Every structure is written in C-alpha cells, then in structure tokens.
Number of protein chains: 2
Amino acid sequence: MKFTMAEENYIKAVYHLQHGQEVVSTNALSAELQTKPASVTDMLKKLKAKKIINYEPYRGVKLSAEGKKVALGIIRKHRLWEYFLVDKLQFGWDEVHEVAEELEHISSNKLIDKLDEFLGHPKFDPHGDPIPDSKGKIIAQPQEQLSRALLHTPVEITAVGSQSTELLELLKHKGLQMGTRLEVKKVFDFDGSLELRIKNQQVVTVSRELASVLFVKSL
Amino acid sequence: MKFTMAEENYIKAVYHLQHGQEVVSTNALSAELQTKPASVTDMLKKLKAKKIINYEPYRGVKLSAEGKKVALGIIRKHRLWEYFLVDKLQFGWDEVHEVAEELEHISSNKLIDKLDEFLGHPKFDPHGDPIPDSKGKIIAQPQEQLSRALLHTPVEITAVGSQSTELLELLKHKGLQMGTRLEVKKVFDFDGSLELRIKNQQVVTVSRELASVLFVKSL
DNA sequence: ACAAAAATTTAGATTTGTCTAAAAATAGAT
DNA sequence: ATCTATTTTTAGACAAATCTAAATTTTTGT
Ligand SMILES: [Mn+2]
Ligand SMILES: [Mn+2]
Ligand SMILES: [Mn+2]
Ligand SMILES: [Mn+2]
C-alpha cells in the first residue's frame, strides 16, 4: 500500500510514542506532530480505515502488525539517510535530522536497498539508534541511562534520546558525542546533576535532564 | 521563496518546454504534466501572482528572470541526484529519472551543495544533459542531431533528447549509450532511417525518429 | 457519587491541487 | 469576413490536510 507524507509522519509518530506506553493518546500525537488534536482525530480515522492502526474513539491508538512494518520501513529510510549525510557528505550529526525528515518519504525501495549496500549495511545511525534491516528487523539495544550509571566506572555514549537541536547544541558545547568515553565522578542529590570525567580530559557537569537522555554502555 | 512540489514541477515543465519556443501553451503544459488544461490555468495564475512567470490569459507563458533561477535550481538537483544514483548506487541510466523526479524536491541547499562536492562537481548527468552550478550557470552545449551528422565521420553520443523508458529500452537493445562512438554509413531517403557502424563492432539500423533524439559531437 | 477539569471528537471552514462541464476567446478555412 | 474548430478560461465540485469553536466523553478530586 502507498501512503502520503502526512500519513507516514503520523505512523512514525505513533511508533515512537508507543515505546513503553500501552496506547498512544490523541494529545501526545498532537504535541509530537505540532498539529491540533482535532486534526489528529481526522487522521486516526483515516489510518484505521486503512488498517494501519487499532483505534477506538476516546480509547487511544496502537499500530497494527501491518502498521509496525510500515513504521519500521520509514525509520529504516530515515536512519540510513542520516548515516549517509554524516558519513559521506560530512554533515554534523546535529544537522541531519531535518533533512532526513524529508528524505525518508522518497518512495523507491530499490533506492533504499542500494543505499544500504553503498553504506556497508550500517547497524546504527549517527545518534546511536539501530537501523532496521530490509525485512524490518531491528536490534533492540538494552539502553542504560547515564543518570543510572555506576560511579567511577568507564562507559561509552551509545545513543541520545532526542534529536532536538537544543540537545545536540548542548552536547557539542560540553564536548560529548557518540562514542565519547567517560565516567561518573559524583552525583549531587540536591538537583540530580552529575560530574563527569571525559576520558583523559576535563571534568564537566551535566544536569539531571541531560543525563536522562544520554545512553551508555559499560566498557 | 519556497515552493510546493506541484509548483516546482510546473516551473520545471515551463523551462523545458520553453526551449526554442517563444511562449509555452496551456495545452503543452497539460500534456507534459498529465493534468487537465483547467488545472494548468489555475496554477499559472498562482505562479503569476508569485512573479515566477509572465502570463497573460490566452497569450501563453514564459518564465521570469526569477523563475529561470528557480527552474535551474530544480534541474541542478534532478541531475545531480541522477548522477549520484548511477555513479554511486549503480543504477542503470534508464532507471534514475523517476527517482530523481522525487529527490529534486528535497529542499536543503546545503545538501545539494555537499552532494555536488561529494560527486566531484560533475558537469553532465547520465543522459548527457549539463548540470547547472550552484549559481545557476549551465553549459549550453551545441547539440548536433545524429540525423544531421556527416557520413563516414566518427562521432560520439553525448546526449539523448528524452528520458522515456521506451527510448532508453530501445537504446539498450541497440547497444547504444552515452559515449558510444560510431559513424553513419548510409541514410535511406525513403524513411529517413540510418545505418550506423558502432566503433569496432556491428552495424545497426536506427529509425529517423530515434536519430532525431540522439545528439552527437564529432571526434 | 458528582462536579469540575481535561481530553477527545464533531461540525463547519480553509487551502492546495485537482477534476468536469460550460462559456469565451483565438486561430484557421473558405 | 464569417463561420468553425481549437484552445483556453471560468464556474462549480471534490479530496487531502489542516484549523477553530463547540459538543461530548472520560478522568479526577473531594
Ligand atoms: Mn518526515
Ligand atoms: Mn537519528
Ligand atoms: Mn518532480
Ligand atoms: Mn537526466
């Protein structure tokens, strides 16, 4: 089945918001997509008619099996294009999300499979998020939040929990990026802020908010 | 100024149809874009309001200076993406037009300039058409039709005058492509068909219609 | 259990891009 | 010069995606 750009953006948003949640609310979609709740309701009816979502009025929404497949296809495109932009075109990892937001809607499947091959079948995008394969299989990575990491234990940043320019600007300023190695020196109970030592470098302080959207793995 | 996908497709169509012609007719646009003449009229009013075209009812349409700039920007994107698909992703030159038709609408200028650099600033697309530079400058290639080439004179195919699958299928079958060297052995007055000797290879016959959309340069 | 608050849906309108059918203008032929 | 055929525009309608305002349903707090 074919989908419009608007439909694809809704499908992807339901997928992202569904993580952890049982069902996704109209308001959550409205906030995510920057549209009014009334517009969301209209689209949910349409996607229900296409059997992409399970939806009952006032009861929230979930992707159908078919809907999950479609979502993973869009996410695959999004992340492969992001990888391309950073790896081949030398974009900064904080500049690619907007562009990929458009590129993910190019319809050709042949294109995306050839791109995948050209890039060497990358497993993770520049933000550390796993890239689904052509069958829609995705690596479920056990994500450990930096805010829960053990003290004095070397870890490496493997993913960030948001693509907002604001977050990426802050990370760049603090000298943090994908693959940065560090350890937590101290956690302050008053505000939840953390003091980190970046491998062989300076000590930086990060807020509770920041530490909760940074994911790490132990080394 | 920003343009919708539909607007961009109209602007590009006017540019292409304008070649040679003084003005472009509503019907010509209707045929090129596969829409009804009434729809074309509506869009022409909109583009006139945006000062992209010069248009008077019943008098035909021409691009304004601004419109030409916009058209060249879209064509630049289209041809760079075609080059990328053939050169980096190993697409056949007959498979890229449809995909580029979508990719040309990705808005980021930074993307297209970085792509240009990545590709090594190519001057011609896979069909032999010149690629405008970032300022909109385009090489005006003196195109010599094969149907007008001198007998027994070695020439090289430099461009094809259409992107239709039908044409490209025929060329593939005859063993003709960009850069193929050949000479015209004979022209038959009855139907305008030509007998060609492909460099160091077999002799093939091509119709008048085919010879008129193949462009060559003398060697 | 019920009233108030919050969330969601419905109703009706708008924009964009398209269509069909009918009217108007232009071009072509005698 | 006039009639006819062709081209083009206008008028009115429709689907997609959005909005605002109002109605409805669900949730929450006492
Ligand atoms: Mn998108
Ligand atoms: Mn990403
Ligand atoms: Mn196009
Ligand atoms: Mn081309």
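Residues numbered from 1 in each chain as written. Chains lettered and ligands numbered in written order. Predicted model: local features only at pLDDT ≥ 70, side-chain atom pairs only at ≥ 80, totals over all residues. Heavy atoms only, no water.

K.L.:
Describe the side chain of His97 of chain B, listing the residues and the values that go with them.
P.N.:
All names here are of chain B. When you line up the elements, His97 lands in helix H5 (residues 96–103). Polar contacts involving the side chain of His97 include one to the side chain of Glu82, which spans 3.2 Å. Dropping the residues within four chain positions of it, His97 is found in contact with His78, Glu82 and Gln163. (Helix = DSSP H or I, 4+ residues; strand = E, 2+ residues; numbered from the N terminus. Polar contact = N/O pair within 3.5 Å; in protein donor to acceptor, adjacent residues only side chain to side chain. Contact = heavy atoms within 4.5 Å.)

K.L.:
Describe the packing of aromatic side chains, and please don't skip the residues or the numbers.
P.N.:
This structure, assessed with the given rule, holds seven aromatic pairs over all chains. Here Trp81 of chain A and Phe84 of chain A contribute two aromatic rings whose centre-to-centre distance is 5.6 Å and whose plane-to-plane angle is 80°, an arrangement assigned as edge-to-face. In this pair, Trp81 of chain A and Phe84 of chain A both sit in helix H4 (residues 65–87), three residues apart, roughly one turn of the helix. The same class applies to Trp81 of chain A as to Phe84 of chain A, namely buried. Ring centres of Phe118 of chain A and Phe84 of chain B lie 6.2 Å apart, and the angle between their planes is 85°; on these two criteria the pair is classed as edge-to-face. You can see Phe118 of chain A sitting in helix H6 (residues 109–118) and its partner Phe84 of chain B sitting in helix H4 (residues 65–87), one on each of two chains. (Phe/Tyr/Trp six-rings, centres within 6.5 Å; stacked < 30°, edge-to-face > 60°. Buried < 20%, exposed > 50% of the residue type's maximum accessible area, 1.4 Å probe, protein only.)

K.L.:
How would you sum up the protein's contact with DNA strand D? Please name residues and give values.
P.N.:
The immediate surroundings of DNA strand D are formed by 21 residues, with Thr4, Ser39 and Lys46 of chain A together with Thr41 and Tyr55 of chain B found nearest. Near the protein, meaning within 4 Å, the atoms of DNA strand D are sugar or phosphate in a fraction of 73%, with bases accounting for the rest. Take Thr4 of chain A: an N or O atom from its side chain is 2.4 Å from a phosphate oxygen of DNA strand D. When contributions to the surface near DNA strand D are tallied by element, the ones reaching two or more residues are helix H1 (5–18) and helix H3 (37–49) of chain A together with helix H2 (26–33) and helix H3 (37–49) of chain B. Taken together, the residues that form the surface near DNA strand D break down as nine nonpolar, seven polar and five charged. (Near = heavy atom within 4 Å. Nonpolar A, V, L, I, M, F, W, Y, C, P; charged D, E, K, R; others polar.)

K.L.:
Please set out the sheet that holds strand S6 (residues 194–198) of chain B residue by residue, giving values where relevant.
P.N.:
Backbone-to-backbone hydrogen bonds pair the strands of a sheet. The strands run either parallel or antiparallel. An order of S3-S8-S4-S5-S6-S7 (chain B) is seen for the six strands of this open sheet, with the pairing classed as antiparallel. Every other strand in the sheet has two partners, leaving strand S3 (144–145) and strand S7 (203–206) of chain B as the edge strands with one partner each. (Pairing = 2+ DSSP bridges.)

K.L.:
Which residues make up the relation of the copies chain A and chain B, and what values go with them?
P.N.:
Superposition of chain A onto chain B requires a rotation of 180° combined with a translation of 0.0 Å along the rotation axis, giving an RMSD of 0.1 Å. Both copies of the chain, as the preceding transformation shows, are related through a two-fold rotation axis. Considering only C-alpha atoms, the part of chain A nearest the rotation axis is Leu103 of chain A, at 3.9 Å. The residues that chain A uses at the interface reappear at the interface of chain B in 100% of cases, marking a shared surface. (Least-squares fit on C-alpha atoms with pLDDT ≥ 70 in both.)

K.L.:
Could you give an account of the interface of chain A and chain B, naming the residues involved and the relevant values?
P.N.:
In this assembly, 21 residues from chain A lie in contact with 21 residues from chain B. In total, about 1700 Å² of surface goes out of reach between chain A and chain B, with carbon and sulfur atoms giving 72% of it. Interface area lost by chain A to chain B is led by Leu89, Glu102 and Lys114 of chain A, which between them contribute 27%. Glu95 of chain A is the salt-bridge partner of Lys110 of chain B, the closest N and O atoms lying 2.5 Å from each other. Across the chain A-chain B interface, the total number found is six residue pairs in polar contact (both at pLDDT 80 or more). Within the side of chain A that touches chain B, the residues separate by chemical class into 12 nonpolar, four polar and five charged. (Buried area = accessible area lost by both parts, 1.4 Å probe. Salt bridge = Lys/Arg side-chain N within 4 Å of Asp/Glu carboxyl O.)

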